[in-house]
Amino acid sequence: MSITLSMLAEAAAQVAAQPKAGSPIALTMFFGFVGLTLLITFWAAKKNTGASAYFAAGRSITGWQNGLAVAGDYMSAASFLGISGAICLNGYDGFMYSVGFLVAYITVLLVVAEPLRNAGKYTMADLLAYRLKPRPVRAMASLSTLTVSTFYMIAQMVGAGVIIEKLIGASFHVAVIGVGVLMLVYVVFGGMLATTWVQIIKAILLMIGAFMLSFLVLKHHGYSIVNFFDSISAATYAGTEAAKNLLEPGLQYGKAVKGPWGPTDFLSLSLALVLGTAGLPHILVRFYTVPDAKTARSSVVWAMAIIGIFYILTTFFGFGAATILQKAQILSDGKPNPNMVAPVLAQFLGGELFFAFISAVAFATILAVVAGLTMSASASFAHDFYSNVIHHGKENRPGQEVKVARITAFVVGAVSISIAIYLGPSVNAAFLVGLAFAVAASANLPVIVLSVFWKRFNTTGATAGLSVGLASAIILILLSKNGPAFLGHPFPLENPGIVSIPLGFLAAYLGTILTKRDPEAEAKFAELTVRAHTGLGAEKAVAH
Amino acid sequence: MSDQKSPVNWDALEAKPEFRSLVSRKTRFIVSATIFFMAYYLALPVLVGWFPELMKTQVLGKVNIAYIFALSQFLMAWIIAFMYVRKASAWDKEAAAVIKDHH
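Residues numbered from 1 in each chain as written. Chains lettered and ligands numbered in written order. Predicted model: local features only at pLDDT ≥ 70, side-chain atom pairs only at ≥ 80, totals over all residues. Heavy atoms only, no water.

Engineer: Can you help me understand a nonpolar patch on the surface in this one?
Structural biologist: All names here are of chain A. Together, Val 468, Val 499, Leu 503, Leu 506, Tyr 509, Leu 510, Ile 513 and Leu 514 make up a nonpolar patch on the protein surface, roughly 650 Å² of accessible area in all. It is helix H19 (residues 497-513) that provides the largest number of residues to the nonpolar patch, a total of six residues. Mapped onto the secondary structure, Leu 503 falls in helix H19. Judged by relative accessible area, Leu 503 falls into the partly exposed class, the value being 33%. (Patch = residues over 30% accessible without salt bridge, like charges linked within 9 Å, V, L, I, M, F, W, Y side chains within 5 Å. Areas by Shrake-Rupley, 256 points an atom, 1.4 Å probe, with all protein chains shown as cover. Salt bridge = Lys/Arg side-chain N within 4 Å of Asp/Glu carboxyl O. Helix = DSSP H or I, 4+ residues; strand = E, 2+ residues; numbered from the N terminus. Buried < 20%, exposed > 50% of the residue type's maximum accessible area, 1.4 Å probe, protein only.)

Here is the structure:
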């Protein structure tokens, strides 16, 4: 994941010819958005009675609403700001992220969304623990969930700090703490219902922003698609650079740029993108918020429509930026700064008001994603670890699980804020996002697939798959060029997926066949199959 | 589960021929769709990475094979989703028939 937030370090520095931060319009829009989301939280807090309301919004979200919320949960600041910057600077290779982020949803649609909704309750581990020994499986799944969510969240927080610093002029610390506190208010008081609506509003704002930016880019090219493609095939950054064909692949991962391992790294990244999404806990828990599996299915379809359109539009504001903006406008300290490409483009094409709007969209994007991450991390700790691992699945007092989740949200929030501030604006956030996708694909996906499709699968196989997938992804990233210097960077790829995903599957397979059969797990396979395919006995929606 | 009124005989339901047939048809669709989409999707990084000159061939004005193939991935994803949803609504009815005594 060398694009996305990788240049955040530079973002902290001054950017040439950039809009001045903290304009009154930008501040008004920021506070308008914050005020609206706080009202929603207040409304949601009154409806939050009981665990299913808190963790799963009462399972009462409709298909299109959940589709928007999945899109809002998924399209992070890395997608919007990072991809438009990556395409502007690296052309076609940046667009590959756009492709992978959509195609990934086929796996979600075909393999995970419906069985999860039918057999689970609040977390990813519910499906895994269904017929296996719950304690070891839940403990490992919870560890993997917390790892993925925390790494992802720190990346978002650092990104948030840097971007908000640039956009409204708050300092890095103030911005990180501000985002952290707001996210905690949504999650602790408003639960999944408030989180859902923050994500829905954000998705709508983001789509409006994307359409407006694309329209203005097309207008700049005389409303002609032919003119547009002619310009990007000889992009000159507004005449400041020699013409370069950005539609040609290889500017980022080609052998000439990246060396002999470039194409393999590209393939490895593509694998992690396409298989990681179906293992991202904060995406998976969204399917518990709908009344049944049929609605879960339709919400994936809605999400695929929205996410697909958005990523196709990155063609316009990603490639388009390279024909409109000067290199000087997207540089900071002499290095390209991908995260500011979209806001600078907005300012150039639409003036101060549009810049303020796109800045507010970026802010909303960050908040919606971190709220979703905190929600899934705290649900996993409370439901998997506290209730099921420590208390053997018996809730001592009603409401205990929700209480623990709220406390966990505080802890997760405080830890992420502290780590983000400790690491500071110069941390390589792409490293953390890459880790999150690699762990999700290598640890979570193999065991989800095998527990649904393979009767013989047993507890040892599940814990082996989870731990080997988790460990191999982390170790390989530490050994890559993004790892610490003292390890010597022996692993030639930045993206470990091509090695760690097969290892995750292999460990799950070997762990199963090398240990004795588990008659209990195999006996429950019939029950899981019937539940997964028919929805019989699935958790019902609560009436409001 | 606590919301079950009477205990369900899961094994008997699972053993029903119509359920077995439903699951095997569903699985066959999911497996073949997955093999197809993974092959189609991974062809993109493979072709772009190892055959860049071929992919740079311009076919529609300045638009090259690489971009068209990337754009076709979106269409491919939507088409598979559409096919799955159409089949799944028929499967929903069959699944409902299997468990009709339990509702």
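The structure having been displayed, the exposition proceeds.
Engineer: Teacher, can you tell me more about the packing of aromatic side chains here?
Structural biologist: Note on aromatic pairs: each is described by the distance of the centres and the angle between the planes. Residues and elements named next belong to chain A. Applying the stated rule across the entire model yields 32 aromatic pairs over all chains. Each ring, one from Phe 95 and one from Phe 319, has its centre 6.1 Å from the other, and the planes form 45°; the classification is tilted. Within this pair, whereas Phe 95 is found in helix H6 (residues 92-119), its partner Phe 319 is found in helix H14 (residues 293-324), the two being separated by 224 residues in sequence. A residue is classified by how much of its surface remains accessible, and Phe 95, at 0% relative accessible area, is buried. The interplanar angle of 40° and the centroid separation of 6.2 Å between the aromatic rings of Tyr 152 and Phe 437 together place this pair among those described as tilted. Separated by 285 residues along the polypeptide, Tyr 152 in helix H8 (residues 134-168) and Phe 437 in helix H17 (residues 429-453) bring together distant segments of the chain. A relative accessible area of 1% places Phe 437 in the buried class. (Phe/Tyr/Trp six-rings, centres within 6.5 Å; stacked < 30°, edge-to-face > 60°.)

Engineer: Help me out: how do you make sense of the side chain of A:Asp518 in this one?
Structural biologist: Counting through the fold element by element, A:Asp518 comes out in the loop between H19 and helix H20 (519-534). Excluding residues within four positions of it along the chain, A:Asp518 makes contact with A:Lys133, A:Asn458 and A:Thr459. (Contact = heavy atoms within 4.5 Å.)

Engineer: I keep staring at the interface of chain A and chain B and nothing clicks. Help me out?
Structural biologist: The accessible area lost on association of the parts is a frequent measure of interface size. Listed by partner, the interface residues are 57 residues for chain A and 52 residues for chain B. Counting the surface lost from both chain A and chain B, the interface buries some 4,800 Å², and carbon and sulfur atoms represent 76% of this. Connecting chain A to chain B are three salt bridges. One salt bridge connects A:Lys294 with B:Asp92, and the closest N-O pair in it is separated by 3.3 Å. In this structure, the connection of chain A to chain B is made through nine residue pairs in polar contact (both at pLDDT 80 or more). At the level of secondary structure, the elements contributing two or more residues to the side of chain A that touches chain B comprise H6, helix H10 (225-232), helix H12 (262-276), H14 and H20 of chain A. A total of 14 residues in the side of chain A that touches chain B trace back to one element, the largest contributor, which is H6(A). For the side of chain A that touches chain B, the residue count by class is 34 nonpolar, 13 polar and ten charged. (Buried area = accessible area lost by both parts, 1.4 Å probe. Polar contact = N/O pair within 3.5 Å; in protein donor to acceptor, adjacent residues only side chain to side chain. Nonpolar A, V, L, I, M, F, W, Y, C, P; charged D, E, K, R; others polar.)

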